[in-house]
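# Tertiary structure, described
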Amino acid sequence: MDEPRQFVVFLGVPGAGKGTQVKRLQAACRLPQVSTGDLFRRHLREETELGVWAQSFMNKGELVPDDVTIRMANARLAEPDCTCGALLDGYPRNLVQGDALQSLAISEGARTCAVFLDLADEICRDRITGRRQCKECGEVYHQSLNPPRREGICNVCQGTLYQRQDDTEEALATRILAYYKETAPLIGYFHALNALIALPADGTPEDTEALVRAALASRLEGT
């Protein structure tokens, strides 16, 4: 009998390491990363119907409606590489999107679980404001935790490093507020579904990866 599809959601404040852990776990879990950021960029680049629709809201400085995001996510999860499921980074972002994912899982006999990477706000601030990214290849560094060999220069392509606009102190305060208003309620949502795995995320990426792998292995073996 075939194993059911597995949708693994990653939750946590900005800087908790969601994207990092998803990238590290792809090979081990044999599941692709599905990121809302990547989805939006792809649809905007390809000028799909959903991309044009999303752009119309963005041009007015408005949030993209949930139904647009949900349609993008459902279309991505229907692609062949998601046959066994996916590791979800940035989706669902709120309870409406959480209900949509759960409805999709129920309709397809899939299972969902959420990994909550628990990190204190003050550690989050240090991680985010110290982050620098390469303008050319996108490689990410941290001024104290993972500095480049040459200050301001990417190890990989020798491109210039910069601080993203949403990584400044001012932008981060807005992001954290949005997280607690919109995304944090999903922790209780998945807890109520008996589908929440809560793990500390204040260690190294390697420490967190070991915890996540062990928890997911136990969870998936027990289902």
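Everything below is about the structure shown above.
Description of the structure in this document. Keep in mind that what you see is a predicted model, and the values were worked out from it rather than measured. (Residues numbered from 1 in each chain as written. Predicted model: local features only at pLDDT ≥ 70, side-chain atom pairs only at ≥ 80, totals over all residues. Heavy atoms only, no water.)

The next point concerns the environment of L39. In this fold, L39 is placed in helix α2 (residues 36-46). Look at L39 and you get buried, because its relative accessible area is 7%. Between the C-alpha atom of L39 and that of T69, which follows or precedes it by 30 residues, the distance is 8.8 Å. Sequence-distant contacts of L39, defined by excluding residues within four places in its chain, comprise V34, M72, A73 and R76. (Helix = DSSP H or I, 4+ residues; strand = E, 2+ residues; numbered from the N terminus. Buried < 20%, exposed > 50% of the residue type's maximum accessible area, 1.4 Å probe, protein only. Contact = heavy atoms within 4.5 Å.)

With that settled, the discussion passes to the packing of aromatic side chains. Under the definition given, this model contains two aromatic pairs. A centroid spacing of 5.3 Å and a plane angle of 90° characterise the contact between Y189 and F190, whose relative ring orientation is edge-to-face. In this structure F190 comes out as buried when scored by relative accessible area, which is 0%. (Phe/Tyr/Trp six-rings, centres within 6.5 Å; stacked < 30°, edge-to-face > 60°.)

Time to look at the sheet that holds strand β3 (residues 85-89). Each strand in a sheet pairs with another by means of backbone hydrogen bonds, the pair being arranged parallel or else antiparallel. The sheet built from five strands is open, its strands ordered β2-β3-β1-β4-β8 with parallel pairing. Strands at the two margins of the open sheet, each flanked by one partner only, are β2 (33-35) and β8 (196-200). Between one strand and the next, the sheet's axes are offset by a mean angle of 25°, whatever the strand orientation. Here strand β1 (residues 6-11) runs beside β3; their pairing, made up of five bridges, is parallel. (Pairing = 2+ DSSP bridges. Axes fitted to C-alpha atoms, helices over the stretch in contact; angles between N-to-C directions.)

The next subject is the environment of A110. Checked against the element boundaries, A110 lands in the loop between α5 (95-108) and β4 (111-118). The exposure class assigned to A110 is buried, which follows from its relative accessible area of 15%. Residues A110 and G17, spaced 93 residues apart in sequence, show a C-alpha to C-alpha distance of 25 Å. Setting aside anything within four residues of it in sequence, one finds A110 in contact with R5, F7 and A105.

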